[in-house]
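The primary structure of each chain is shown beneath.
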Amino acid sequence: MDYVKTAIPRQERLFYGADYNPDQWQACPDVLERDIELMKEAGVTSASVGIFSWTSLEPEEGIYEFAWLDRVMDRFAEAGMFVFLATPSGSKPMWLSEKYPEVRRVDKAGKREPSGWRHNHCLSSPVYREKARAINTRLAQRYQKHPALALWHVSNEYSGECHCQSCRAAFQAWLKARYGTLDALNEAWWSAFWNHTFTDWSQIQTNDLSMDGLQLDWLRFVNDQHVSFMREEMVPLRELTPDIPCTTNFMGTHEGTNYWQWAEHVDQIANDLYPLPDDRANTWQHAIRADFIHSLMRGMSGGKPWMLLECSPSSVNWGGINKLKRPGAHRQEVLQAVANGASTVHYFQWRKGRGGFEKYHGAVVDHDGSNRTRVFQDCAAIGAELASLRSLVQGDCPVAEVAMIYDWESRWALNTSCGPKELAGTGPFPSDLYTETCFDHYEALTRCGIAVDLLSTRSDFSGYKVLVLPALYLLSEELGERIRAFVQSGGQVVATCLTAYVESSNKCYLGGFPGASLRAVFGIWNEELDNLPADTRVEVRGAVEGSAKDVVERIHLDGAVSLAQAGSEFYAGEALITENDYGNGVASYLAARFEMPALLAFYRRLLEKASLCRSIDLDLPEGVVFRCRDSSEGRVGFLFNYSNQSREVEFGKLAMAAYLDPQTTYSGTIELAPYESRILRV
Ligand code: GAL
């Protein structure tokens, strides 16, 4: 980290607001006045402004127009509200992309995109970088002393890739810097395969699907390009407004962005999340996935508060079937983020526009324009509630006893290796075999009442009792050594199928899996992998019972003991779950993807053996989750019923006061309505 992170100086309460697009309403000046009144009524503290308004700010090259934004900034300041001012690079002005066609992206087939759409500038274009820097400089110069300016919202949801000649040349230069010589590159990429040995740097393409090493490096390169673009955008902001923090909005587990690396360059972690809870039977499993993503943000923030910069107060418009949020679900979504450490909840969007792609996307203010809608009333009630939770502003979540590693490099390496990767994700969470495995283990731990901190491969996990490594497919010798030392000194590690197959170039380890010198730690040899069709299950018998799916490995005991064995298939009787005492610790290996009952049985056993503390010492029914967060007034508990059915929670002799009404105490049997959330003093 090459700078000290800047905190938001004026955050006295949880920020609450939305993306706001007054540039679309310049022909109706009364709308701004009306919006300010409605914002006050809804308890809004802040809005993200100017995200897609480059042309309104610079209608012609070098000609700037700030009057409309001056007015917005001034009106916010007068109302005691803040602006998260966006840099507008998320969508290119038409004049720019027509005059400089090289700023438009080129797809894999070599075709340049037409002007239009958004989030599609070329990542290496010097012109686009220069133009973005120019407008950012103007914005920072103009508003550096403005009392409404609280945060820089740098661009919007950076993502995607460009295959133009300039990006290809940049990729080749990046590879040269990484490998030094072509021999080293050919060796790392195993280029002799299918006669791909490169004899000149200029031969290297950006998209040869037959080369897993190239594909992995391409993903790393694209990620680096985004980070470098973002950092370049921040240069004038940091120079001119050193006290104003910079952030950019992440997209959870988005497949193309290794946010652990981005996190090192922003002052505040911020995320967008649209979990779309609905009334299907498994709605609470979706909520637990949202919880995973919140925990990921908390992890990137080093446990400190982070920002939920976009969610929807109502339905979205892009989900195919766009259901309204059922009563309770909207409040729950907001409180779930807060319970997991959010210091800010912003919606997309404040007001529905009259036209364009998002005119039917949920908003605080509908086309009706009034405060009388259900959604507006909901938002106002939530605004008031968040105002009363101001003691949480600086409150962290307690450090968990269990850590889990989430690693984009393993995900990329697995996804670029032809073989065991096919598994479509479910629902709106961008997903794959790797992420699904992480979700499954997080869900099982959550359902056992165990809190989990999410870490990167570079994080220090030495202080945790248990370290969970779902499908850590790419695992370096250096990390292998840290895992070994962790177990040696008394830690408990849980690894799963697909652990340590490849090293950082995506080349397989030799000498038997798991690689990275971890065979002795787990006391096993993983000989081969059986990929199962979607409808096939393998029985699991032993101390853990249930079934396995998707991926089953045939492993041999080499010091470990078997806890559970396959009950069907030609490998019936062979170990599927093992445990190995190593040094002062224990290493468990789960040689398959398991259905939830087996995973639950495994983690319940672990809970006892490792003497883990549950977040609350109660047996909670399915779909009910308890979370804690510290505040300046002590610990706050959040009890959520994520399911669409009512649930009874047995508090027994335990008694807890309602956070906002200490006269009310909960004990005995507590009935939670569908999607109900309660806030308690712990
Ligand atoms: C986000 C995006 C917003 C808006 C929103 C709709 O991904 O940042 O600008 O499009 O989706 O759900």
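Residues numbered from 1 in each chain as written. Predicted model: local features only at pLDDT ≥ 70, side-chain atom pairs only at ≥ 80, totals over all residues. Heavy atoms only, no water.

Trainee: Looking at this structure, I do not really get the overall build of the protein chain. What am I missing?
Mentor: When helices and strands are counted, the protein chain shows 17 helices and 25 strands. Rg of the C-alpha trace for the protein chain: 26 Å, near the compact-globule value of 26 Å for 682 residues, within the 12% margin. Principal-axis analysis of the C-alpha atoms gives the protein chain an extent of 75 × 75 × 45 Å. A total of 682 residues make up the protein chain; the buried ones form 61% of that total. Sequence-distant contacts in the protein chain: of pairs separated by 6 or more residues, those separated by 24 or more amount to 72%. Put simply, the protein chain shows about 25,900 Å² of open surface, and 51% of that area lies on carbon and sulfur atoms. The centroid of the 67 positive side-chain charges in the protein chain is displaced by 3 Å from the centroid of its 88 negative side-chain charges. (Helix = DSSP H or I, 4+ residues; strand = E, 2+ residues; numbered from the N terminus. Rg over C-alpha atoms; globule rule 2.2 N^0.38 Å. Buried < 20%, exposed > 50% of the residue type's maximum accessible area, 1.4 Å probe, protein only. Contact = heavy atoms within 4.5 Å. Areas by Shrake-Rupley, 256 points an atom, 1.4 Å probe, with all protein chains shown as cover. Lys, Arg positive; Asp, Glu negative; His and termini not counted. Charge placed at Lys NZ, Arg CZ, Asp CG, Glu CD.)

Trainee: Help me out: how do you make sense of the sheet that holds strand 22 (residues 634-641) in this one?
Mentor: By way of backbone hydrogen bonds, the strands of a sheet pair with one another, either parallel or antiparallel. In space, the five strands of this open sheet follow the order 21-22-25-23-24, with antiparallel pairing throughout. Each of the sheet's edge strands pairs with one partner strand only, and the pair in question is strand 21 (624-631) and strand 24 (661-672). Strand-to-strand twist in this sheet, taken as the mean axis angle between neighbours without regard to direction, amounts to 25 degrees. Across the sheet, helix 11 (residues 329-339) is in contact with strand 21, strand 22 and strand 25 (677-681); its angle to strand 22 comes to roughly 145 degrees. (Pairing = 2+ DSSP bridges. Axes fitted to C-alpha atoms, helices over the stretch in contact; angles between N-to-C directions.)

Trainee: Can you walk me through the nonpolar core in this structure?
Mentor: Within soluble globular proteins, side chains that are nonpolar generally end up buried alongside one another. By size, the foremost hydrophobic cluster in this structure holds 182 residues, and its most contacted members are Leu69, Phe76, Trp152, Met300, Trp350, Phe594 and Tyr603. At nine residues, the largest contribution of residues to this core is made by helix 10 (residues 283-300). Those residues within four positions of tryptophan 152 in sequence are excluded, and the remaining contacts are Leu85, Thr87, Leu139, Ala140, Leu237, Thr241, Ile244, Pro245, Cys246 and Thr247. (Core = buried A, V, L, I, M, F, W, Y, C linked by side-chain atoms within 4.5 Å.)

Trainee: I tried to follow the site of the ligand on my own but got confused; where do I start?
Mentor: Residues in contact with the ligand, as listed here, are Phe52, Arg118, Asn156, Glu157, Asp272, Tyr274, Glu310, Trp318, Phe348, Glu358 and His361. One nitrogen or oxygen atom from the side chain of asparagine 156 is found 2.9 Å from an oxygen atom belonging to the ligand. Within the contact set of the ligand, an oxygen atom lies 2.8 Å away from a side-chain nitrogen or oxygen of glutamate 310. Tallied by class, the residues present in the shell around the ligand amount to four nonpolar, two polar and five charged. (Near = heavy atom within 4 Å. Polar contact = N/O pair within 3.5 Å; in protein donor to acceptor, adjacent residues only side chain to side chain. Nonpolar A, V, L, I, M, F, W, Y, C, P; charged D, E, K, R; others polar.)

Trainee: I keep staring at the packing of aromatic side chains and nothing clicks. Help me out?
Mentor: A ring pair, where both rings are aromatic, is described by two values, the distance of the centres and the angle of the planes. If you walk through the whole model with that rule in mind, you get 37 aromatic pairs. Centroid distance tyrosine 128 to phenylalanine 229: 6.0 Å. Interplanar angle 20 degrees. Geometry classified as stacked. Residue tyrosine 128 is located in helix 5 (residues 126-143), and its partner phenylalanine 229 is located in helix 8 (residues 212-240); the two are separated by 101 residues in the primary sequence. Note on accessibility: tyrosine 128 and phenylalanine 229 belong to one class, buried. Over the aromatic face of tryptophan 25 sits the side chain of arginine 351, whose NZ or CZ is 5.4 Å from the ring centroid. The ring of tyrosine 659 has arginine 681 lying over it, and the distance from NZ or CZ to the ring centre is 4.6 Å. (Phe/Tyr/Trp six-rings, centres within 6.5 Å; stacked < 30°, edge-to-face > 60°. Lys NZ or Arg CZ within 6 Å of the ring centre and 35° of its normal.)

Trainee: I would appreciate a short explanation of the environment of aspartate 217 in the present structure.
Mentor: Tracing the backbone through its elements, the reader meets aspartate 217 in helix 8. With near-sequence residues (within four places) excluded, aspartate 217 lies in contact with Phe171, Trp174, Leu175, Arg178, Tyr179 and Trp189. Polar side-chain contacts of aspartate 217 include one of 2.9 Å to the side chain of tryptophan 189.

Trainee: Honestly, the domain arrangement of the protein chain in this entry has me stumped. Any pointers?
Mentor: Note: interface size is frequently given as the accessible area lost on complex formation between the parts. If you check the domain split of the protein chain, you get domain 1 (45-268), domain 2 (402-609) and domain 3 (624-681). Averaged C-alpha coordinates put domain 1 and domain 2 at centres separated by 35 Å. In this assembly, 20 residues from domain 1 lie in contact with 19 residues from domain 2. Both sides of the domain 1 and domain 2 interface together cover about 1,800 Å² of buried area, and 58% of this is carbon and sulfur. The largest share of the area that domain 1 buries against domain 2 comes from Leu216, Thr253 and Trp260, three residues that together contribute 35% of it. Notably, a salt bridge pairs arginine 220 with glutamate 409, separated by 2.8 Å at the nearest N-O pair. The tally of links between domain 1 and domain 2 comes to eleven residue pairs in polar contact (both at pLDDT 80 or more). Every element with two or more residues in the side of domain 1 that touches domain 2 is listed here: helix 7 (182-189), helix 8 and helix 9 (259-263). With seven residues, helix 8 is the largest single contributor of residues to the side of domain 1 that touches domain 2. When grouped by side-chain class, the residues that make up the side of domain 1 that touches domain 2 number six nonpolar, nine polar and five charged. (Domains from an automatic or database assignment. Buried area = accessible area lost by both parts, 1.4 Å probe. Salt bridge = Lys/Arg side-chain N within 4 Å of Asp/Glu carboxyl O.)

Trainee: I'm lost on the pattern of salt bridges in this one. Help?
Mentor: Summed over the entire model, instances satisfying the criterion amount to 46 salt bridges. A salt bridge links arginine 331 to glutamate 385, with the nearest nitrogen and oxygen atoms 2.7 Å apart. Residue arginine 331 is located in helix 11, and its partner glutamate 385 is located in helix 12 (residues 374-387); the two are separated by 54 residues in the primary sequence. Judged by its relative accessible area of 14%, glutamate 385 is buried. Linked through salt bridges whose partners overlap, the residues forming this network are Glu33, Arg71, Arg75 and Glu78.

Trainee: Is there a simple way to explain the sheet that holds strand 4 (residues 149-153) in this structure?
Mentor: Pairing is parallel in the open sheet, where nine strands are placed in the order 5-4-3-2-1-9-8-7-6. Edge positions in the open sheet fall to strand 5 (246-247) and strand 6 (249-250), since each of these has one partner strand only. For strand 3 (residues 82-86) and strand 4, the ladder comprises four bridges, and the chain directions are parallel. Note that in strand 4 the partner of phenylalanine 84 across the bridge is leucine 151.

Trainee: Mind showing me how you'd approach the pairing of strand 15 (residues 538-542) here?
Mentor: Remember that side chains alternate between the two faces of the sheet whenever the strand is regular. As paired strands, strand 15 and strand 16 (residues 546-557) are joined by three bridges and run antiparallel to one another. If you follow valine 540 over to strand 16, its bridge partner there is glycine 546. Where strand 15 folds back onto strand 16 in an antiparallel hairpin, the turn is made up of three residues. Across three bridges, the pairing between strand 15 and strand 17 (residues 561-566) is antiparallel. What sits directly across from glycine 542, in strand 17, is alanine 564.

Trainee: Help me understand helix 13 (residues 408-415), please; the structure alone is not making it clear to me.
Mentor: Residues spaced three or four apart along an α-helix point in a common direction, a consequence of the helix completing one turn every 3.6 residues. The buried fraction of helix 13 is high, at seven of eight residues. Of all the residues in helix 13, the buried ones are Trp408, Glu409, Ser410, Arg411, Trp412, Ala413 and Leu414. For helix 13, the secondary structure elements touched by its buried residues are helix 8, helix 9, helix 10 and helix 14 (433-447).

Trainee: What exactly am I supposed to notice about a nonpolar patch on the surface here?
Mentor: Together, Trp190, Phe193 and Trp194 make up a nonpolar patch on the protein surface, roughly 440 Å² of accessible area in all. Relative to the helices and strands, tryptophan 190 resides in the loop between helix 7 and helix 8. On the basis of relative accessible area, tryptophan 190 is assigned to the exposed category, the value being 59%. (Patch = residues over 30% accessible without salt bridge, like charges linked within 9 Å, V, L, I, M, F, W, Y side chains within 5 Å.)

Trainee: How should helix 7 be read in this particular structure?
Mentor: Buried within helix 7 we find Leu182, Leu185, Asn186, Ala188 and Trp189. Taken end-on, helix 7 shows its buried residues confined to a sector of 165 degrees, consistent with a single buried face. Check the buried side of helix 7 and you find it contacts helix 6 (165-179) and helix 8. One or two positions beyond helix 7, positive phi appears at tryptophan 190, with a value near 55 degrees. (Arc of directions from axis to C-beta.)

Trainee: I'm lost on unusual backbone geometry in this one. Help?
Mentor: Among all residues save glycine, negative phi is the norm, and among peptide bonds the norm is trans. Following phenylalanine 348, the chain continues into glutamine 349 via a peptide bond in cis, with omega recorded as 20 degrees. Relative to the elements of secondary structure, glutamine 349 occurs in the loop between strand 9 (342-347) and helix 12. Here the amide bond leading from phenylalanine 513 into proline 514 is cis, since omega sits at -5 degrees, within 30 degrees of zero. Mapping proline 514 onto the fold places it in the loop between strand 13 (492-496) and helix 16 (519-522). Positive phi outside glycine occurs at glutamate 569, with the angle close to 75 degrees. Within the secondary structure, glutamate 569 sits in the loop between strand 17 and strand 18 (575-582).

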